[in-house]
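Fold and geometry: a report
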Amino acid sequence: MKKIKTKTIIWLIIAVVIYAVLFYLDATGKLSRQFSRLLIPVGINIMLAVSLNLTVGFLGELTLGHAGFMSVGAYSGCMFTVFMDLPVYIEFPLALLIGGLVAAIFGVIIGVPALRLKGDYLAIVTLAFGEIIKSVIINMDITGGSAGLKGIEKTTNFTVMFVAVLVTIIVIANLINSRHGRAICAIRDNVIAAEAVGINVVYYKLLAFVVAAFFAGVAGVLYGHNLGILKPATFDFNKSIEILVIVVLGGMGSITGSVVAAIIITVLPEVLRGLDDYRMLIYAVVLIAMMLINSNPRISAFRKRIESKFNLKKNMKEAE
Amino acid sequence: MALLEVKNLGISFGGLRAVDDFNLTMDNGQLYGLIGPNGAGKTTAFNLLTGVYKPTDGSFMFDGKEMSGKSPIDINKAGIARTFQNIRLFSDMSVLDNVKVGLHNRETYGLASGILRLPSFFKQEKEMYDMGMELLKVFDLDKEANFKSSNLPYGKQRKLEIARALATNPKLLLLDEPAAGMNPNETAELMDTIALIRNKFNISILLIEHDMNLVMGICERIVVLEYGKIIANGTADEVKSNPRVIAAYLGE
Amino acid sequence: MVIIEQFINGLNLGSIYALMALGYTMVYGIAKMLNFAHGDIIMVGAYTISVATTNLGLSPILSVLLSMLVCTVLGVVIEKVAYKPLRMASPLTVLITAIGVSYLLQSVALLIFGSKSQRVASVINVAPVTIGGITLTGESIVTLGVTIVIMILLVLFINKTKVGKAMLAVSEDRGAAELMGINVNNTISLTFAIGSFLAAVAGALFVSSYGFVDPYTGALPGIKAFVAAVLGGIGSVPGAMLGGILLGIIESLSKAYISTQLSDAIVFGVLILVLLFKPSGLLGKQRVTKV
């Protein structure tokens, strides 16, 4: 238990250092314009990937509607700041909360029926949900329709983004490393066994859904307040796939992996100009290659050997 | 009052009568064996007692409460735990975490406490660690606590499943072919372990097994199923000399 | 009159969905996977026809035959390269791979042909027929005819031939079928071949009715065809037909009488309702997991 505390402190120090370095580079203009423009999109993608990892990596259910949750959050949070006239330090935090909560409510609405389904059916239903949301937003007047919601104040700055990312990671990592998180992983590994040891499968599936939706919603609000405009077409199936690619590349069930992959996937197309044309192709190759590599019997045998050795050492150390 | 009282329990799948008129009474601390030819309905009986299947007829009381038709979750909470014929571990989780999932309902800290790392989180996680390691020691699995459970050898996976079931603090443990795939030495060792856990945790055990040495060696009473019906219920010697049992196993 | 015309439009669209749904339902029944890339095979078929007629100057019939060949081979290759190594993998892994394949086909098409949609001339040259003031286009007549013929042939093939029975056996219990001497890998490859062949037919009918193709042509119709397969009951051949036709009619009528933009939302709404209240579909059967 002491170990957990030390670990937490180390991670917090690392986070503060990263923040300080990035903030210094950004503020003093040492970071090229191109990169400093990317800081917020990177942060948003980290939030989206880490939260999607909760359902795909830890709960083991593929949802293809993460962009849908993002859009619901984005629109409700941004409409709040557009139509309300409150001081920004009250309005903006409230907008983030509203975006998250509305997305979470949609998480329940889509989660309750979707819980009765599994695997491919769930994936298709979440995809359908994302498309329905998009159509509805396009057909509403209050959202600005397909032209988009304009005039959103650009309130999202680096500090806000950093804190949001940090909160997302801490909440999801702590959730996973608690008895509740273990219950979620147990459902992924074997639903029948999980029920047999008294795990409330419905509750924990819904919990994972709702938490993931909440953070996707908050990320959406931050996105809107970064760009100043929301267009329904942004939140299509391709956005959901992009987040999935990040999760898959980083490793399903690895939060650190999601963070690193989010940085790579966001920054790479900017560094390598002309890569944008090949973006879809790269996504496709990442998805297929990662799955084939992970399922290759030789590679998994190799991994098993490494794991056993590593665990033995770890155990011996603990025994000493 | 009996711990488990099964009355005329039965289930049909379409036209097939998988379990019919199943009656059984068990008291605290008893160790029963459930045997029968393949397809006799033994695992189906377990599935009925653990809520995986809902019975079409009859009912059963556990610890004084009506349990038939309840969900697997409620039945486990009431105090019936089980293992599976085809091992069902949480394969991507560590050995210790498997047992900790079993301990899930014995601790109470809430979601907020887990996320915000409040004192109750640390206190109860420490308890879970201690209880988990203690259980693993009983099954000689403590050295593998950090192994991924799917990396364990077969025999140890079976033991881990029993440890996980015990972690839920059951009053009745249902073991579905605990010695399947084990060699004679491992089986002998398992017999000792089963006898040990019954005394140590003061629980009742009902086990399905094909290894007659194991069943005859440790079970106080043996229930024999054939075609979903109980054809004998008695001590090892009674069952061994029962003509119907002999006929069921050897043919007429 | 309008409603009858919309109804015929729905039948036309529904027939194309039905042909695609057959591919989904057969692959789902036999390989137990959602072949997300199935819709994109239709796009490949449509592009093949476009290239064959405009660039190669082939006759419509030869173009369609070429397209069938390309799609069938493509389907088998995809199965061998991407899906076969995953027979033992979790459904999640297979589904993600299938999404990857779908994306791959779209992105390759995007790189070759660009994102602008291309006009494709109809390969069907049948005169329209007018009955009692209602005009049936040649495309509609051929689409309906072809779909009905294929349906009948497919049902006969599955139930009457040895290979068809092997497919049924594999869909019931892969392990047992293997023990009975059925070559499971070949059976699955054959399923993909048939599914992709049907996709080529659907692609030809689709471009003939709608006259254009772009890299995303197959994506949305593909998902809708899967909805149709689920609606009819996954694994059921007549179910795919029924589901496809129903979905086509629902879509046409909601486009005409509710809203063009909301028609997709309505189609997906149908899916959600079906899965909630009758997850096994209209003609499907319920399965129980064994413990």
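Let us now look at the overall build of chain C. When its secondary structure is counted, chain C shows eleven helices and four strands. A globule of 291 residues ought to have a C-alpha radius of gyration of about 19 Å, and chain C, at 19 Å, matches this closely. In terms of its C-alpha atoms, chain C occupies a principal-axis envelope of roughly 60 × 45 × 35 Å. Of all 291 residues assigned to chain C, the portion counted as buried reaches 55%. Of all intrachain contacts in chain C linking residues separated by at least 6 positions in sequence, the fraction that spans at least 24 positions is 75%.

Attention shifts here to the overall build of chain B. Within chain B, the regular secondary structure consists of ten helices and ten strands. Taken over C-alpha atoms, the radius of gyration comes to 19 Å for chain B, in line with the 18 Å a tight globule of 252 residues would show. Dimensions of chain B, computed from C-alpha atoms along their principal axes, come out at roughly 65 × 40 × 35 Å. Across chain B, every contact between residues at least 6 apart in sequence was considered, and the portion connecting residues at least 24 apart equals 66%.

Residues and elements named next belong to chain B. Taken in spatial order, the four strands make up an open sheet running β2-β1-β4-β5, and their pairing is antiparallel. Looking at which strands have only one partner, the edges of the open sheet turn out to be β2 (16–26) and β5 (65–66). In the sheet, strand β4 (residues 57–62) pairs with β5 via two bridges, with the strands oriented antiparallel. Considered in β5, the bridge of Met61 is made with Glu66. Along the sheet, helix α1 (residues 42–49) contacts β1 (4–13), β2 and β4; its crossing angle with β1, the most-contacted strand, is approximately 115°.

What follows covers the packing of aromatic side chains. A full pass over the atoms with the stated rule returns 22 aromatic pairs over all chains. Ring geometry for A:Phe214 versus A:Phe215: centroids 5.2 Å apart, planes at 90°, classification edge-to-face. By relative accessible area, which is 7% here, A:Phe215 ends up buried. Ring-pair connections join several aromatic residues into one group, and the members of that group are A:Tyr19, A:Phe23, A:Phe158 and A:Phe162. Of note, B:Arg88 hangs over the ring of B:Phe84, and the distance from its end group to the ring centre comes to 5.5 Å.

The subject of this paragraph is the pairing of β2(B). Residues and elements named next belong to chain B. Pairing analysis gives seven bridges linking β1 to β2, with the strands arranged antiparallel. Looking at the pairing, Ser12 lines up with Arg17 of β2. Here β1 folds back onto β2 in antiparallel fashion, the turn holding two residues, of which Gly14 has a positive phi close to 60°.

A word on the domain arrangement of chain B. Residues and elements named next belong to chain B. Domain annotation of chain B identifies domain 1 (1–79 + 170–252) and domain 2 (91–168). Using only C-alpha atoms to locate each centre, domain 1 and domain 2 end up separated by 27 Å. Counting residues at the interface gives 19 residues for domain 1, matched by 13 residues for domain 2. Surface buried jointly by domain 1 and domain 2 totals about 1300 Å² across both partners, of which 70% is contributed by carbon and sulfur atoms.

Along the chain, B:Asn151 turns up in the loop between α5 (119–138) and α6 (154–167). Using a relative accessible area of 13% as the deciding quantity, one classes B:Asn151 as buried. Other than its neighbours up to four places away in sequence, B:Asn151 contacts A:Lys304, A:Glu307 and A:Ser308.

For the rest of this paragraph, the subject is the pattern of salt bridges. Residues and elements named next belong to chain C. Applying the stated criterion across every chain yields a total of 22 salt bridges over all chains. The residue Lys224 makes a salt bridge to Glu251 at a minimum N-O spacing of 3.1 Å. Here the residue Lys224 occupies a position in helix α9 (residues 219–232), and Glu251 occupies one in helix α10 (residues 237–257), the gap between them amounting to 27 residues. Like Glu251, Lys224 is buried. Between Lys224 and Asp264 there is a salt bridge whose closest N-O contact spans 2.8 Å. One end of the pair, Lys224, is in helix α9; the other, Asp264, is in helix α11 (residues 263–277), with 40 residues separating them in the sequence.

If you look at the interface, chain A gives 39 residues, while chain B gives 41 residues. Of the roughly 3500 Å² buried between chain A and chain B on both sides combined, carbon and sulfur atoms contribute 59%. At the boundary of chain A and chain B, one finds one salt bridge. Residues A:Arg182 and B:Glu125 are paired through a salt bridge, measuring 2.8 Å at the closest nitrogen-oxygen approach. The tally of links from chain A across to chain B stands at 17 residue pairs in polar contact (both at pLDDT 80 or more). Residue assignment for the side of chain A that touches chain B shows that the elements contributing at least two residues are α1 (2–27), α6 (158–176), α7 (179–189), α8 (191–196), α9 (201–227) and α13 (297–319) of chain A.

Our focus in this paragraph is the interface of chain A and chain C. With 41 residues of chain A in contact, the opposing surface of chain C contributes 42 residues. Both faces combined, the contact of chain A with chain C buries some 3600 Å², and carbon together with sulfur accounts for 80% of it. Area buried by chain A at its contact with chain C is led by A:Asp120, A:Tyr121 and A:Met280, which between them contribute 19% of it. On inspection of chain A and its partner chain C, the count reaches zero salt bridges.

Once that is clear, we can look at a nonpolar patch on the surface. A contiguous nonpolar surface patch, about 710 Å² in accessible area, is contributed by A:Met84, A:Leu86, A:Val88, A:Tyr89, A:Ile90, A:Leu94, A:Leu97 and A:Leu101. Along the chain, the position of A:Leu86 falls in the loop between α3 (66–83) and α4 (88–114).

Counting 194 residues, the largest nonpolar core has A:Leu62, A:Leu64, A:Leu244 and C:Phe36 as its most contacted members. If we skip the residues at most four places from it in the chain, C:Phe36 touches A:Leu64, A:Ile124, A:Leu127, A:Phe237, C:Tyr24, C:Leu95, C:Ala98, C:Ile99 and C:Ser102.

Looking now at the sheet that holds strand β7 (residues 172–176) of chain B. Residues and elements named next belong to chain B. In spatial order, the strands read β6-β7-β8-β3-β9-β10; together these six strands make up an open sheet with mixed pairing. Across the chains shown, the open sheet's two edge strands, defined by having one partner strand only, are β6 (80–82) and β10 (229–234). Pairwise comparison of adjacent strand axes, ignoring direction, gives a mean angle of 20° for this sheet. Pairing analysis gives four bridges linking strand β3 (residues 31–35) to strand β9 (residues 221–226), with the strands arranged parallel. Bridge pairing links Tyr32 to Arg221 in β9. The sheet strands contacting helix α10 (residues 243–250) are β3, β9 and β10, and the helix crosses β10 at an angle near 125°.

All names here are of chain A. Following both chains from N to C, one finds helix α2 (residues 33–59) and helix α10 (residues 237–250) inclined at 75°, their axes separated by 9 Å at the closest point. Taken together, the axes of α2 and α10 are roughly perpendicular relative to one another. Contacts between α2 and α10 involve Asn45, Leu48, Ala49, Leu52, Asn53 and Val56 from the first element and Lys239, Glu242, Ile243, Leu244, Ile246 and Val247 from the second. Across the contact of α2 with α10, the residue classes tally to eight nonpolar, two polar and two charged.

For the rest of this paragraph, the subject is α2(A). Residue and element names in this part refer to chain A. The first and last C-alpha atoms of α2 sit 39 Å apart over 27 residues, in line with the 39 Å expected at 1.5 Å per residue. Taking the largest bend as the criterion, α2 deviates by roughly 40°, centred on Asn53. Of all 27 residues in α2, 21 are buried; the element is thus mostly enclosed. Within two residues after α2, Gly60 carries a phi angle of roughly 80°, on the positive side.

All names here are of chain B. Mapped onto the elements of the fold, Val224 is located in strand β9. The exposure class of Val224 is buried, given its relative accessible area of 0%. With ten residues separating them along the chain, Val224 and Gly234 place their C-alpha atoms 8.9 Å apart.

Criteria and thresholds
- Residues numbered from 1 in each chain as written.
- Chains lettered and ligands numbered in written order.
- Predicted model: local features only at pLDDT ≥ 70, side-chain atom pairs only at ≥ 80, totals over all residues.
- Heavy atoms only, no water.
- Helix = DSSP H or I, 4+ residues; strand = E, 2+ residues; numbered from the N terminus.
- Rg over C-alpha atoms; globule rule 2.2 N^0.38 Å.
- Buried < 20%, exposed > 50% of the residue type's maximum accessible area, 1.4 Å probe, protein only.
- Contact = heavy atoms within 4.5 Å.
- Pairing = 2+ DSSP bridges.
- Axes fitted to C-alpha atoms, helices over the stretch in contact; angles between N-to-C directions.
- Phe/Tyr/Trp six-rings, centres within 6.5 Å; stacked < 30°, edge-to-face > 60°.
- Lys NZ or Arg CZ within 6 Å of the ring centre and 35° of its normal.
- Domains from an automatic or database assignment.
- Buried area = accessible area lost by both parts, 1.4 Å probe.
- Salt bridge = Lys/Arg side-chain N within 4 Å of Asp/Glu carboxyl O.
- Polar contact = N/O pair within 3.5 Å; in protein donor to acceptor, adjacent residues only side chain to side chain.
- Patch = residues over 30% accessible without salt bridge, like charges linked within 9 Å, V, L, I, M, F, W, Y side chains within 5 Å.
- Areas by Shrake-Rupley, 256 points an atom, 1.4 Å probe, with all protein chains shown as cover.
- Core = buried A, V, L, I, M, F, W, Y, C linked by side-chain atoms within 4.5 Å.
- Parallel < 35°, antiparallel > 145°, perpendicular 65-115°, else oblique.
- Nonpolar A, V, L, I, M, F, W, Y, C, P; charged D, E, K, R; others polar.
- Expected span 1.5 Å × (residues − 1).
- Bend = angle between axes of the 7 residues up to and from the residue.

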